[in-house]
Amino acid sequence: MASRNQLANRPAAGAFDSDASRIEVTGLTKRFLTPKGEAFTALRDVTFTVEPGQFCAVVGPTGCGKSTTLSMVSGLDKPSEGSVKVGGHEVTGITEGISFMFQQDALLPWKTVVGNVEMGPVFRGLGKREARELARDWLRRVGLAGFEDHHPHQLSGGMRKRVGMAAALINEPQILLMDEPFGALDVQTKAIMQTELLGLWEQLRPSVLFITHDLDEAVALADRVVVMTSGPGSVKAVYDVDLPRPRGPVQEIRYEPRFLEIQHQIWASLREEVERAYARTAGVNA
Amino acid sequence: MSITSAATEPVSPNPARSASDANRSATEAGRKARRRRLYLLWAARLAFAVFVIGGWQLFTSLKIVDPFFYGQPSGIWKRTLDLFEHGTEFGSFWTDIFTTLKEAVFGFGLGAAAGIVLGLALGQNRFLSEVLGPYIKIVNAIPRIVLGAIFVVAFGIGITPKVLLSAVLVFFVVFFNAFQGVREVDRNILANVKVLGASQLQVIRHVTLPSALTWIIASLHTAFGFAIVGALVGEVLGAEHGVGLVIKTAQGNLDPDGVFAGMLVISVITLIAEFVLTFVERRLLSWRPPSPSEAVAI
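The structure presented is a predicted model; accordingly, all values stated were derived computationally and were not measured. (Residues numbered from 1 in each chain as written. Chains lettered and ligands numbered in written order. Predicted model: local features only at pLDDT ≥ 70, side-chain atom pairs only at ≥ 80, totals over all residues.)

## Details of the pairing of strand S8 (residues 207–212) of chain A
Residues and elements named next belong to chain A.
Phase 1 of the analysis: Most of S8 is tucked away: six of the six residues are buried.
Phase 2 of the analysis: Here S8 shows no split at all, with Ser207, Leu209 and Ile211 on one side and Val208, Phe210 and Thr212 on the other all buried.
Phase 3 of the analysis: Bridge analysis of strand S3 (residues 55–59) against S8 gives five bridges, and the strand direction is parallel. In the strand pairing of S8, Phe55 is matched with Val208. (Buried ≥ 20, exposed ≤ 12 C-beta atoms within 10 Å, placed from the backbone. Helix = DSSP H or I, 4+ residues; strand = E, 2+ residues; numbered from the N terminus. Pairing = 2+ DSSP bridges.)

## Section: helix H5 (residues 128–141) of chain A
All names here are of chain A.
Phase 1 of the analysis: Look at H5: 20 Å from first C-alpha to last across 14 residues, which is about the 20 Å you get at 1.5 Å a residue.
Phase 2 of the analysis: For H5, the full list of buried residues reads Ala131, Ala135, Trp138 and Leu139. All buried residues of H5 fall inside an arc of 100 degrees around its axis, so they share one side. Exposed residues pointing more than 90 degrees away from the buried face of H5 are listed as Arg129 and Glu130.
Phase 3 of the analysis: Contact partners of the buried residues in H5: helix H3 (113–117), helix H4 (119–123) and helix H6 (157–169).
Phase 4 of the analysis: Positive phi shows up at Gly143, right after H5, with a value of about 75 degrees. (Expected span 1.5 Å × (residues − 1). Arc of directions from axis to C-beta. Contact = placed C-beta atoms within 7 Å.)

## What about the interface of chain A and chain B?
Phase 1 of the analysis: Each partner contributes to the interface: chain A provides 19 residues, whereas chain B provides 16 residues.
Phase 2 of the analysis: Elements with a contribution of two residues or more to the side of chain A that touches chain B: strand S6 (98–101) and H4 of chain A.
Phase 3 of the analysis: Class assignment of the residues belonging to the side of chain A that touches chain B gives a composition of 11 nonpolar, seven polar and one charged. (Nonpolar A, V, L, I, M, F, W, Y, C, P; charged D, E, K, R; others polar.)

## Focus on the packing of H6 of chain A against helix H7 (residues 187–204) of chain A
All names here are of chain A.
Phase 1 of the analysis: Relative to each other, H6 and H7 sit at 15 degrees, their axes nearing to 11 Å. Our classification of the angle between H6 and H7 gives roughly parallel. Crossing angle aside, the handedness with which H6 passes H7 is right-handed. For the pair H6 and H7, contact is made by Gly157, Gly158, Lys161, Met165 and Leu169 and by Thr189, Ile192, Met193, Leu197, Leu200 and Leu204, respectively.
Phase 2 of the analysis: Broken down by class, the residue content of the contact of H6 with H7 amounts to seven nonpolar, three polar and one charged. (Axes fitted to C-alpha atoms, helices over the stretch in contact; angles between N-to-C directions. Parallel < 35°, antiparallel > 145°, perpendicular 65-115°, else oblique. Left-handed = near helix turned anticlockwise from the far one by under 90°.)

## Quick word on the sheet that holds strand S4 (residues 81–86) of chain A
Residues and elements named next belong to chain A.
Phase 1 of the analysis: Taken in spatial order, the four strands of this open sheet run S2-S1-S4-S5, and their pairing is antiparallel. One side of each edge strand has no neighbouring strand; the edge strands of this open sheet are strand S2 (39–50) and strand S5 (89–90).
Phase 2 of the analysis: Of the strand pairs in this sheet, strand S1 (residues 23–33) and S4 are connected by five bridges, and their pairing is antiparallel. Pairing of Thr26 across the sheet is with Ser83, part of S4.

## A few points about the domain arrangement of chain B
For an interface, size is often stated in terms of accessible area lost upon the parts coming together.
All names here are of chain B.
Phase 1 of the analysis: We note that the domain assignment places domain 1 (27–65) and domain 2 (69–285) within chain B.
Phase 2 of the analysis: Distance between the C-alpha centres of domain 1 and domain 2: 32 Å.
Phase 3 of the analysis: Tallying the contact residues gives five residues for domain 1 and four residues for domain 2.
Phase 4 of the analysis: Of the residues that constitute the side of domain 1 that touches domain 2, the class distribution is three nonpolar, two polar and no charged. (Domains from an automatic or database assignment.)

## Concerning the sheet that holds S8 of chain A
All names here are of chain A.
Phase 1 of the analysis: Within the open sheet, the six strands sit side by side as S6-S7-S8-S3-S9-S10. Their pairing is mixed. Here the strands that pair on one side only, and so sit at the sheet edges, are S6 and strand S10 (234–240). When the angles between neighbouring strand axes are averaged without regard to direction, this sheet yields 15 degrees.

## Topic: the pairing of S3 of chain A
Residues and elements named next belong to chain A.
Phase 1 of the analysis: Extensive coverage of S3 is indicated by the burial of five of its five residues.
Phase 2 of the analysis: The alternating pattern of S3 places Phe55, Ala57 and Val59 and Cys56 and Val58 on opposite faces, both of which are buried.
Phase 3 of the analysis: Alignment of S3 against strand S9 (residues 224–229), held across four bridges, turns out to be parallel. From the neighbouring strand, Ala57 faces S9, where its bridge partner is Val225.

Written out as structure tokens, the structure reads:
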């Protein structure tokens, strides 16, 4: 624990004060064509900014276009209107210097743990030997030394998440996009993984765009929380979380009065949206 | 106060002194049960074979079933030994086996390679697959075995028409599986490696190919059977050597035992090929989690 805090107190790495990792989302609109051929607006006029090195969480009810926003920031998808700028440049193809973490782990089941982690550097043209060494080093950092030659199916859910984290961070991305990365974990493992994520993030300081259903998770981890409405998705409110950093173990932040205060404040705004979205789906089913 | 202390005090479980002993005896019992089950399994398999073959032998001996039409196990066995010892009227039986095997293996290799390449290409290119899709369906609907007749006319009675017929039969099985395999690649994994900076070629090498391999290898088992069928049918249509020719000659001589002997030899070859393929499959797909049925509850 102590070592983690010391690392966090160090002046953060270069990405922190460089503008290259600023994410600006302006007037983002996304329409899809439904299978019936009708246009469906998933996102309407979404605007928010993630400052360089900031941890930004996006919360909102199911189906509010959170994941769609993320895939447009990564360049996997194109906006219908509006723009996404990363470091001042408009996103056209796959954005440079980003990494992605999904809810289902995107590990290749046919590669070993170390084979999965070394993919990032290999794709960037690093030699096989150097990439492997770097991957081993990262596996040590996420506490998986000794599991290099296992296959993903031999690991527990939490361990697979660690592999995913190492694979995402090994390229030292300026931007980390996370789509409910811990959504499928049990509560204890989730808290541990959140704490470890914070520790690693404080060392590297990429800008993070973190999507979650879980408001507690958002407040505990993030500097900024964006609340979205559903159908079509748009930004309802943006809250800045002024809990001091480093925050230490996530399990304990939850009991701090300031945490609860902020959490209540955001919940008041989010609750309405969640209830509306729920009523809509329940209405359809009934 | 007492409530809180009760809540926070850890309750130590009873020390399980005999835990390791219990474990050991359970392992022993499990091993015994598994061995017993294995014996029973093989006994039942043997009994089944005795029932079928013995019944066949019995019924034909009693002339309830006419051995002139349906053969007789003892006769088939004698005829098989005879084929190996004295060969056929066209030469050594080994030449026939070798010829058929050569045709099947070449056809299998050719068809599988073409199927994999085209399956991967079409699986990745949506436009191309939509353009060619209907035609592939049409060609698949044609009874391709009849193509053998054309191949024999076009390429004579050498091994070429048999190789081609085998290849055509194998191609479609492998093609559809490779195509489907590409379609089944996990979207998340694909997005992830793209974001990590993989080039088109790297995506194929690291993701598409290994992912489709599960499907392709599954198809190879069936495909080898088809390769043999292609070679045999080609030989029946016209050949100088081959097990198909031996079967055809036996048919012409009204010798059902000879037909069955040819079938017996072919099935042994196919079983050996199946065994080799399973071995290759295990090696290539060693990363796969063991299927849940492999852990047996005691």
